Number of protein chains: 2
Amino acid sequence: MVSKHQGPGNAVARPLRRDAEANRQHILDAAGRLMAERGLATPLEDIAAAAGVGIGTLYRRFPTRADLVEALFQDRLAAYVADLETAVGTDDGWEGLVWFLSRAAARQIADRALSELIEQDLGPDTIRHLRDRVLPLADTLVEHARASGRLRADFTVGDLALVQHMLAGVGAVTSPVSPTAWRRYLTLLLDGMLARREAPTPAEEPAPTVAQLKHVHDQRPRQGARPRCC
Amino acid sequence: MVSKHQGPGNAVARPLRRDAEANRQHILDAAGRLMAERGLATPLEDIAAAAGVGIGTLYRRFPTRADLVEALFQDRLAAYVADLETAVGTDDGWEGLVWFLSRAAARQIADRALSELIEQDLGPDTIRHLRDRVLPLADTLVEHARASGRLRADFTVGDLALVQHMLAGVGAVTSPVSPTAWRRYLTLLLDGMLARREAPTPAEEPAPTVAQLKHVHDQRPRQGARPRCC
DNA sequence: GCGAAACTGGAAGAAGTCCCTCCGCTTGTG
DNA sequence: CACAAGCGGAGGGACTTCTTCCAGTTTCGC
């Protein structure tokens with residue numbers, strides 16, 4: 001069985017015809033743009049239209065939505081993980097955390113689909129695999145920041161995930177009006193995250209555990225939308 | 001033309017038959033429960049089924065979704081506004097703000113439909129009218145809190161709305177796991193909102209204006225969901 | 001009791017969204 | 001120039017939700 005798609009370790013099966021390659025690119029561009037705005041579930045017909053090709057062409061090049069998502073978000077997710085690694089490598093733990101939060105929020109707000117990939121359990125396996133590296137790294141990042149003494153001692157990875165979620169939330173809502181307004185709330189949250197000499201308000205609630213977070217992003221089911229993606 | 005529904009200043013047109021009245025009640029109960037969980041756009045057929053009546057019965061009693069929403073949320077919204085008034089009446093401005101935030105978040109997290117009514121521009125006119133009282137009251141509340149000296153001087157009503165939005169967001173995501181976890185993030189946010197002797201991190205971003213907030217909650221269109229509600 | 005009026009359930013048709021296949025026509029390339 | 005590769009988009013299928021309608025059932029005043 002000769003796979004039409006290049007299997008791993010398999011040289012390019014055959015270069016696409018020039019026009020076909022151009023169309024492939026148009027599709028990727030359009031999908032990237034539309035999904036960033038509307039999310040992973042963007043109708044394929046809209047994408048084809050935006051790319052200026054027929055729906056048939058899209059299906060020929062990307063037989064399933066997962067193929068498209070994979071081609072699109074491999075890099076973006078990798079960049080996200082790379083940020084995380086950079087942050088972990090920063091000398092000052094607190095600075096690293098702040099830098100990461102800022103970058104991650106910017107990325108997620110600029111790209112709704114990326115947000116969905118990170119927060120929910122979606123996407124083809126190739127991508128899942130990348131996302132699995134996130135949690136351990138994030139854990140280390142938080143630990144470093146705590147060790148620096150500037151982060152509240154009771155702050156956890158779970159908290160980090162939810163802070164990101166909150167930032168993505170404000171961003172989604174404010175960005176049409178002011179694309180940078182979310183930074184205001186980043187500073188607000190950071191102020192809350194700082195350890196303080198003066199007794200900080202005790203956080204009576206226990207931090208969510210990692211195990212709990214697994215279930216956290218099931219996303220409440222919307223109306224007539226059967227889970228259409230991946 | 002004699003309206004079948006009691007017009008304003010019109011005595012009850014005619015009491016419903018006993019069985020009909022009971023069914024009406026069942027419908028309201030079911031709708032309240034389901035909409036709290038799934039939002040204003042919950043399919044009417046689901047509601048009828050949960051109420052144990054036929055879809056025809058639901059339509060006879062509430063010809064439009066707006067009629068149902070009105071019957072359901074008049075009280076709940078009024079209670080929300082009442083909270084706001086109570087908070088404004090509190091002596092200590094900061095305490096009032098904290099109390100309100102806590103109550104509002106609890107209400108919104110417990111009732112997704114209520115959240116939608118408050119944040120978005122939905123609902124029948126009867127309800128809109130109530131919601132219009134929110135902004136001025138909230139404005140006063142924030143002013144009082146600032147006057148008390150405990151709230152950051154640069155905090156605005158717009159900020160309040162977005163803080164509520166963030167809390168609703170965490171709540172939505174955490175409540176299936178821990179129904180009170182959101183309180184942890186309330187304390188985090190409150191810490192960030194406190195004025196401080198030690199120079200607070202300057203919020204470089206300007207606060208969103210009230211005019212901007214009008215557009216803020218247009219809520220990005222989800223997938224195949226034409227705006228079905230109201 | 002009894003009959004008229006009120007009420008009921010749910011089948012059925014309409015409208016809409018999105019998915020995916022298929023095939024006759026077009027186009028790049030050796 | 002021949003022909004494999006590529007193309008578009010009509011059309012059928014699967015859903016979901018809305019809304020109407022009417023033959024049968026129940027309540028209530030007399």
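Up top you'll find the structure we're talking about.
Since we're looking at a predicted model, the values are computed, not measured.

Engineer: Hey, could you run me through the nonpolar core in this one?
Structural biologist: Ranked by size, the top nonpolar core spans 124 residues in total, and within it Ile47(A), Met193(A), Ile47(B), Leu68(B) and Met193(B) carry the most contacts. Once you skip the residues sitting within four places of it in the chain, Ile47(B) turns out to touch Ile27(B), Ala30(B), Ala31(B), Leu34(B), Met35(B), Thr42(B), Leu58(B) and Leu68(B).

Engineer: Please clarify how the environment of Arg152(A) should be interpreted in this entry.
Structural biologist: The residue Arg152(A) is located in the loop between helix H8 (134-147) and helix H9 (157-174) in this model. The class of Arg152(A) is buried, set by a relative accessible area of 5%. When the C-alpha positions of Arg152(A) and Val81(A) are compared, they lie 24 Å apart, and in sequence the two are 71 residues distant. Here Asp191(B) takes part through its side chain, which lies 3.0 Å from a polar atom of the side chain of Arg152(A).

Engineer: Can you help me understand the protein's contact with DNA strand D in this one?
Structural biologist: Around DNA strand D there are 26 residues in total, and Arg14(A), Arg17(A), Asn23(A), Thr57(A) and Arg65(B) lie nearest to it. Counting only atoms of DNA strand D within 4 Å of the protein, the fraction found in sugar and phosphate groups is 68%. Here a phosphate oxygen of DNA strand D and a backbone polar atom of Gly54(A) are 2.9 Å apart. A distance of 3.0 Å separates a phosphate oxygen of DNA strand D from a polar side-chain atom of Arg60(A).

Engineer: Sorry, what's going on with the packing of helix H5 (residues 93-110) of chain A against helix H10 (residues 182-193) of chain A here?
Structural biologist: Think of two packed helices as two axes; the pair is described by the angle between the axes and how far apart they sit. All names here are of chain A. Remark: H5 packs on H10, axes separated minimally by 11 Å, with the N-to-C direction vectors making an angle of 150 degrees. In terms of orientation, H5 and H10 fall into the roughly antiparallel class. Seen from above, H5 lies across H10 with right-handed handedness. Residues Trp-94, Leu-97, Val-98, Leu-101, Ser-102, Ala-105, Ala-106 and Ile-109 of H5 pack against Trp-182, Arg-183, Leu-186, Leu-190 and Met-193 of H10. By residue class, the composition of the contact of H5 with H10 is 11 nonpolar, one polar and one charged.

Procedures and definitions
- Residues numbered from 1 in each chain as written.
- Chains lettered and ligands numbered in written order.
- Predicted model: local features only at pLDDT ≥ 70, side-chain atom pairs only at ≥ 80, totals over all residues.
- Heavy atoms only, no water.
- Core = buried A, V, L, I, M, F, W, Y, C linked by side-chain atoms within 4.5 Å.
- Buried < 20%, exposed > 50% of the residue type's maximum accessible area, 1.4 Å probe, protein only.
- Contact = heavy atoms within 4.5 Å.
- Helix = DSSP H or I, 4+ residues; strand = E, 2+ residues; numbered from the N terminus.
- Polar contact = N/O pair within 3.5 Å; in protein donor to acceptor, adjacent residues only side chain to side chain.
- Near = heavy atom within 4 Å.
- Axes fitted to C-alpha atoms, helices over the stretch in contact; angles between N-to-C directions.
- Parallel < 35°, antiparallel > 145°, perpendicular 65-115°, else oblique.
- Left-handed = near helix turned anticlockwise from the far one by under 90°.
- Nonpolar A, V, L, I, M, F, W, Y, C, P; charged D, E, K, R; others polar.

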